[in-house]
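# An overview of the molecular structure
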Amino acid sequence: MELKGYSFLFGDDIDTDAIIPARYLNTSDPAELAEHVMEDADPDFANRFQAGDFIVAGKNFGCGSSREHAPIAIKAAGLSGVVAESFARIFYRNAFNMGLPIFESSEAVADIESGDELKIDMDSGQIHNLTKGRSYHTLPTPPFMKELINAGGLVPFVRKKVENGGYA
Amino acid sequence: MPMTISEKILAAHAQADQLVPGQLIEARLDFVFGNDITAPIAIDVFHKAGGKKVFDPQRVALIPDHFVPNKDIQSAQQAKILRDFAREHELPWYWEVGRMGIEHVLLPEQGLVLPGDLIIGADSHTCTYGALGAFATGVGSTDLGAAMVTGRAWFKVPESIKIIYKGQLRPHVGGKDLILYAIGQLGVDGARYKALEITGETIANLPMDDRFTISNMAIEAGAKVGIIPPDELTENYVKTRAKRPYHFYQADSDAEYQAVYEWDVSRMEPQVAKPHLPENTVPVTELADVAIDQVVIGSCTNGRIGDIRVAAQILKGKKVSPEIRCIIIPGSQEVYQTALKEGLFDIFTEAEAAISTPTCGPCLGGYMGILADGEVAVSTTNRNFLGRMGHINSEVYLASPAVAAASAITGHITHPAEVAGE
Ligand code: SF4
């Protein structure tokens, strides 16, 4: 599985309030949430990125409130995923459970600049910086996790298995 | 490659020979559960995921403990969702008032969570079962709902931190003091993502009830789990209770740890965590002037029979200070009955303490002992966050049952030796 897009840089400790401000939590409609993604970290962000692009951030991405709306907003906005130095624990679990690919790599974060074109090979765990012609390491995404992401998250993943008689 | 206890348990459940920290695995679960706050959402997820039946009714528990006996209409509705689901799916591990207990007291007691198990619970103090040598960790309702269908969950293999306690404990010092000290040293996120392995001669000599207290509060240092290597005491505890086979895992002697801490605790005083974080730990003697309004003895941290006995020892023949409300909450019906049979309730009622049926109640500011504006409590629970036990301007000091009982007698934070006349 490969993901390709341009990078948008953010700093350390981006909390879930910056990812999707609490004032928009009166809806759980992914499309509506997507319109306000990262609004309090960069008000203009939603107008600048294109489908497939990446958020690249520092340490502790997704800290603060445990709202599942945060990974949903990023995913529904059509972003490919998040590369960060580290993720807050609950965000990390929520992201996979909502089907959002995320990657930890301090090496990548240290080198990537805003606007660099990235290609992530989830099988090998390689992040290729096409602009700079360099590659960085992240952990490969194991097959069951790719299946989970492809299904759109944990709940659809389980439902698919149940429907196919997998968890009768 | 050598492995830690956590790595061994996870490897066994993921059918892997070798695991390294950071790796993502999918693993088979031995036991899953939720409570009256988290399970209703998990049950909703179960249905959304197309669940028709649970993966194994013997390995799923629903425990109404937070607001039960029902606090109000809303909590009655929540509890009813659990009851209805348990009946519909013929789940054997569901308990009504009069039989139930706080989940983390009840499940080990019932022999449902066992050494070597991989367990998830939709409650942050699921780490309690580390005391049995199990890998047990808290998850959200989505994970629980999915796991109720599949009997599986995904994990990121954590790095491990090893804590070694050395030395013989002084009188009135026990498991609560050891873990409060550790949280004070590590800080509330000092072990974030990590598995704690808690060892040493002090632990080897520590009763199971104290070990549960230690593992229970591993999350208060941010840890995923706090595992105590299983030994003869563990064996004695589980052998008469276990509902299925279990397995003891030990770390390899050359296993790798992200950090190793070694603490000599032979001179340690009872520890108290000041408001509003469990890491604000100081020796009890530094707080002797702090006047209080309420004492709570109970919770999944200190509601076991060993804790209730300690409180009774201190309160025996004494009276709770006239200005103080002292609330004692045995953690399960078994603890309640044992305390009753041992005559401990006579001691408590003569001391003019109140005794409650098992419930989480005041621990999370639910009910049964909410604090008013400006009030101060000494509590044997595990969190003293702002407003945790009531009004936003109330304060909670976390301490052992011995310190809590002694403080109930004097009306201020007190070293147990003082009231014991030592
Ligand atoms: S006693 Fe307190 S910490 Fe323990 S499960 Fe209940 S509410 Fe949570």
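Okay, so let's go over this structure. (Residues numbered from 1 in each chain as written. Chains lettered and ligands numbered in written order. Predicted model: local features only at pLDDT ≥ 70, side-chain atom pairs only at ≥ 80, totals over all residues. Heavy atoms only, no water.)

### Some points on the sheet that holds strand β5 (residues 117–121) of chain A
All names here are of chain A. Which entries qualify depends on this criterion: Should DSSP find at least two bridges between two strands, the strands are taken to pair. Elements are defined by DSSP. Helices are runs of H or I of four residues or more, strands are runs of E of two residues or more, and each kind is numbered from the N terminus. Interaxial angle, 0 to 180 degrees, is taken between N-to-C directions of lines fitted to C-alpha atoms, where a helix line uses only the stretch in contact.
Spatially, seven strands are ordered β4-β3-β2-β1-β5-β6-β7 in an open sheet, and the strand pairing comes out mixed. Pairing within the sheet leaves two strands with one partner each, and these edge strands are β4 (102–104) and β7 (134–137). Mean inter-strand twist for the sheet, computed between neighbouring axes without regard to direction, equals 30°.

### Regarding the interface of chain A and chain B
Formally: It only takes one pair of heavy atoms within 4.5 Å for two residues to be counted as in contact. A quick way to say it: buried area is the sum, across both parts, of accessible area lost when two parts are put together, with a 1.4 Å probe. Here, a salt bridge means any Lys or Arg side-chain nitrogen found within 4 Å of an Asp or Glu carboxyl oxygen. Think of a polar contact as two N or O atoms within 3.5 Å of one another; within protein, one of them needs to be a possible hydrogen donor and the other a possible acceptor, and neighboring residues in sequence only count if both atoms come from side chains. For this classification, Asp, Glu, Lys and Arg are treated as charged, while Ala, Val, Leu, Ile, Met, Phe, Trp, Tyr, Cys and Pro are nonpolar and the rest, including Gly, are polar.
Contact with chain A, which involves 22 residues of that partner, is made by 25 residues of chain B. In this assembly, chain A packs against chain B so that about 2200 Å² is buried in total across both faces, 64% of it on carbon and sulfur atoms. Joining chain A to chain B, the criterion identifies two salt bridges. Our enumeration of links across chain A and chain B arrives at nine residue pairs in polar contact (both at pLDDT 80 or more). When contributions to the side of chain A that touches chain B are tallied by element, the ones reaching two or more residues are α5 (89–97), α7 (143–151) and α8 (154–163) of chain A. Tallied by class, residues from the side of chain A that touches chain B come to 15 nonpolar, two polar and five charged.

### Describing the packing of aromatic side chains
The geometry of an aromatic ring pair is captured by two quantities: the separation of the ring centres and the angle between the planes. Test applied: When two rings of Phe, Tyr or Trp (its six-membered ring) have centres within 6.5 Å they constitute a pair, described as stacked for plane angles under 30 degrees, edge-to-face for angles over 60, and tilted for the intermediate range. We call a residue buried when its accessible area falls under 20% of the maximum for its residue type, exposed when it is over 50%, and partly exposed in between, using a 1.4 Å probe and counting protein chains only. The criterion for a charge sitting over a ring is simple: Lys NZ or Arg CZ within 6 Å of the ring centre, and within 35 degrees of the ring normal.
Per the counting criterion, the structure on display carries 21 aromatic pairs over all chains. Here the aromatic rings of Phe10(A) and Phe45(A) are separated by 5.4 Å at their centres, their planes lie at 80°, and the arrangement is edge-to-face. Placement of Phe10(A) in the loop between β1 (2–9) and α1 (16–19) and of Phe45(A) in helix α3 (residues 45–48) is noted, with a sequence separation of 35 residues between them. Phe45(A) matches Phe10(A) in its accessibility class, with the two residues each being buried. When the ring of Tyr246(B) is compared with that of Phe248(B), the centres are 6.1 Å apart and the planes differ by 35°; the resulting orientation is tilted. Its relative accessible area of 26% is what places Tyr246(B) among the partly exposed residues. Over the ring of Trp154(B) we find Arg93(A); its NZ or CZ atom is 4.2 Å from the centre of that ring. The residue whose ring lies beneath Lys156(B) is Tyr92(A), and the NZ or CZ to ring-centre distance is 4.4 Å.

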